[in-house]
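Chain residues, written in single-letter form:
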Amino acid sequence: MQDDMIFITGAGRRVGYALAEYFLTQGHPVIGHHHRESVECEKLRQRGALMVQANFEDEDSVQQMCAQIESQCRSLRAIIHNASAFTKTHADAEQALPQFDQFYRIHMRTPWQINTALIPLLRACSRVSDIVHITDIYADNPNPVYDVYCASKAGLQNLSLSFAKQLAPKIKVNVIQPGPILFKEWHSEAAKKAVLSETLLGFEAGPEPIVKAASALLDNPYQTGAIIPVDGGRRLT
Ligand SMILES: NC(=O)c1ccc[n+]([C@@H]2O[C@H](COP(=O)([O-])OP(=O)(O)OC[C@H]3O[C@@H](n4cnc5c(N)ncnc54)[C@H](OP(=O)(O)O)[C@@H]3O)[C@@H](O)[C@H]2O)c1
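Below, the structure is looked at part by part. (Residues numbered from 1 in each chain as written. Predicted model: local features only at pLDDT ≥ 70, side-chain atom pairs only at ≥ 80, totals over all residues. Heavy atoms only, no water.)

## Considerations on the overall build of the chain
1) Next: What the chain contains, in helices and strands, is seven helices and seven strands.
2) Next: In the chain, the succession of helices and strands from N to C terminus is β-α-β-α-β-α-β-α-β-α-β-α-α-β.
3) Next: Over its C-alpha trace the chain gives a radius of gyration of 17 Å, about what one expects of a compact globule, namely 18 Å for 237 residues.
4) Next: On the principal axes, the C-alpha backbone points of the chain span a range of 50 × 40 × 40 Å.
5) Next: Out of the 237 residues in the chain, the part that is buried amounts to 49%.
6) Next: Within the chain, counting contacts between residues at least 6 apart in sequence, those at least 24 apart form 71% of the total.
7) Next: In the chain, which carries 23 positive and 25 negative side-chain charges, the distance between the mean positions of the two groups comes to 5 Å. (Helix = DSSP H or I, 4+ residues; strand = E, 2+ residues; numbered from the N terminus. Rg over C-alpha atoms; globule rule 2.2 N^0.38 Å. Buried < 20%, exposed > 50% of the residue type's maximum accessible area, 1.4 Å probe, protein only. Contact = heavy atoms within 4.5 Å. Lys, Arg positive; Asp, Glu negative; His and termini not counted. Charge placed at Lys NZ, Arg CZ, Asp CG, Glu CD.)

Below, the structure written as structure tokens:
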């Protein structure tokens, strides 16, 4: 049983992995959720992280993951909701409707389920604790090609504000909105160029600015219900 752990969803690769690595380096005990197994999961285990598996489209799987956390953790310092799915809305409505269910489950229903189940552990933390929801600049300014994804991230953002109202002053709840942090493997060179040409700072950031934003939120005692863009200025163009 450990105290004041930081629970990060989607820690098996990319931004979630960078967050888990950072907090381990800072000496925090980390619980990393993963969906599919990866080399990075094994690296985190070797560094002492507790790794838990769940498919966020499956309520029972999420419930079992929360029970596992409750059995191995006395208190949580933070939950960072990073797990996400990102695809264009399918042109065929019959295939877009299942996408709706997928995004709704991963971005809204499961974060709500996790928060609700684990609030007692956040309350048991020896100091003020945190929830960080990672959304997207598209939550405020949607791209119609990704409308279903954008709407579900906007839903998560709205839930964050409700949680901030509900859980203060013991638990702070904030949002990080990334811009072009890490392209997907399926992004074409032309698409990357177009996105970066619309980004004031003009480069793909990598995970570090998200790590810095999450760390700053946890360190800041007077910030709740805030929505922080980390987007190189893309939202302005
Ligand atoms: N990368 C960017 O430029 C960018 C831009 C805007 C917003 N964001 C947001 O920033 C966060 C991190 O970005 P990212 O690009 O690192 O995210 P990502 O690679 O798209 O996904 C993060 C994690 O979500 C997990 N996941 C996917 N489907 C799942 C499911 N059904 N159940 C449980 N977990 C599932 C993935 O695990 P598996 O791979 O094992 O399925 C992955 O580890 C995300 O919330 C993303 O929406 C990122």
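Picking up after the structure, the text goes on.
## Remarks on the site of the ligand
1) Next: The local shell around the ligand holds 26 residues, among which R13, H35, R36, N82 and K184 are the closest.
2) Next: A distance of 2.9 Å separates a nitrogen atom of the ligand from a polar backbone atom of L182.
3) Next: Considered on its own, the ligand offers 880 Å² of accessible surface; in the complex 91% of this is hidden by protein.
4) Next: When residues of the shell around the ligand are traced back to their parent elements, those giving at least two are helix 1 (14–25) and helix 5 (147–167).
5) Next: Partitioning the shell around the ligand into residue classes produces eleven nonpolar, eight polar and seven charged. (Near = heavy atom within 4 Å. Polar contact = N/O pair within 3.5 Å; in protein donor to acceptor, adjacent residues only side chain to side chain. Areas by Shrake-Rupley, 256 points an atom, 1.4 Å probe, with all protein chains shown as cover. Nonpolar A, V, L, I, M, F, W, Y, C, P; charged D, E, K, R; others polar.)

## A short note on the nonpolar core
1) Next: In terms of nonpolar packing, the biggest core is built from 35 residues, with F7, I31, M65, I69, L76, I114 and L118 touching the most fellow members.
2) Next: Only strand 1 (5–8), strand 3 (50–53), helix 3 (59–72), strand 4 (76–81), helix 4 (93–123), helix 5 and strand 6 (171–178) provide two or more residues apiece to this core.
3) Next: Discounting chain neighbours no more than four positions away, the residues touching L76 are D4, M5, F7, I31, L118, L121, L122, C125 and S129.
4) Next: Grouped together as the second largest cluster of nonpolar side chains are 28 residues, V15, V132, V211 and L218 included. (Core = buried A, V, L, I, M, F, W, Y, C linked by side-chain atoms within 4.5 Å.)

## Regarding the environment of D58
1) Next: Tracing the backbone shows D58 in the loop between strand 3 and helix 3.
2) Next: Separated by 14 residues in the primary sequence, D58 and L44 place their C-alpha atoms 24 Å from one another.

## Considerations on the packing of aromatic side chains
1) Next: Enumeration according to the criterion identifies six aromatic pairs in this entry.
2) Next: Here the aromatic rings of Y22 and F23 are separated by 5.1 Å at their centres, their planes lie at 75°, and the arrangement is edge-to-face.
3) Next: The exposure class assigned to F23 is buried, which follows from its relative accessible area of 3%.
4) Next: An angle of 25° between the planes, with centres 5.7 Å apart, marks the rings of F86 and W186 as stacked. Remark: W186 occurs in the loop between strand 6 and helix 6 (189–197) and F86 occurs in the loop between strand 4 and helix 4; sequence separation between them is 100 residues.
5) Next: A relative accessible area of 18% places F86 in the buried class.
6) Next: By the ring-pair criterion, three or more aromatic residues cluster together here, those being F86, F103, Y138, Y146, Y149 and W186. (Phe/Tyr/Trp six-rings, centres within 6.5 Å; stacked < 30°, edge-to-face > 60°.)

## Remarks on helix 3
1) Next: For helix 3, which comprises 14 residues, the first-to-last C-alpha distance of 20 Å matches the rise-based estimate of 20 Å (1.5 Å per residue) to within 8%.
2) Next: Considered for burial, the residues of helix 3 that qualify are S61, V62, M65, C66 and I69. The buried residues of helix 3 occupy one face: seen down the axis, they fall within an arc of 135°.
3) Next: Buried residues in helix 3 make contact with strand 1, strand 2 (30–34), strand 3 and helix 4.
4) Next: The residue sitting at the N-terminus of helix 3 and contributing the capping side-chain oxygen is D58; that oxygen lies 3.0 Å from the backbone nitrogen of D60. (Expected span 1.5 Å × (residues − 1). Arc of directions from axis to C-beta.)

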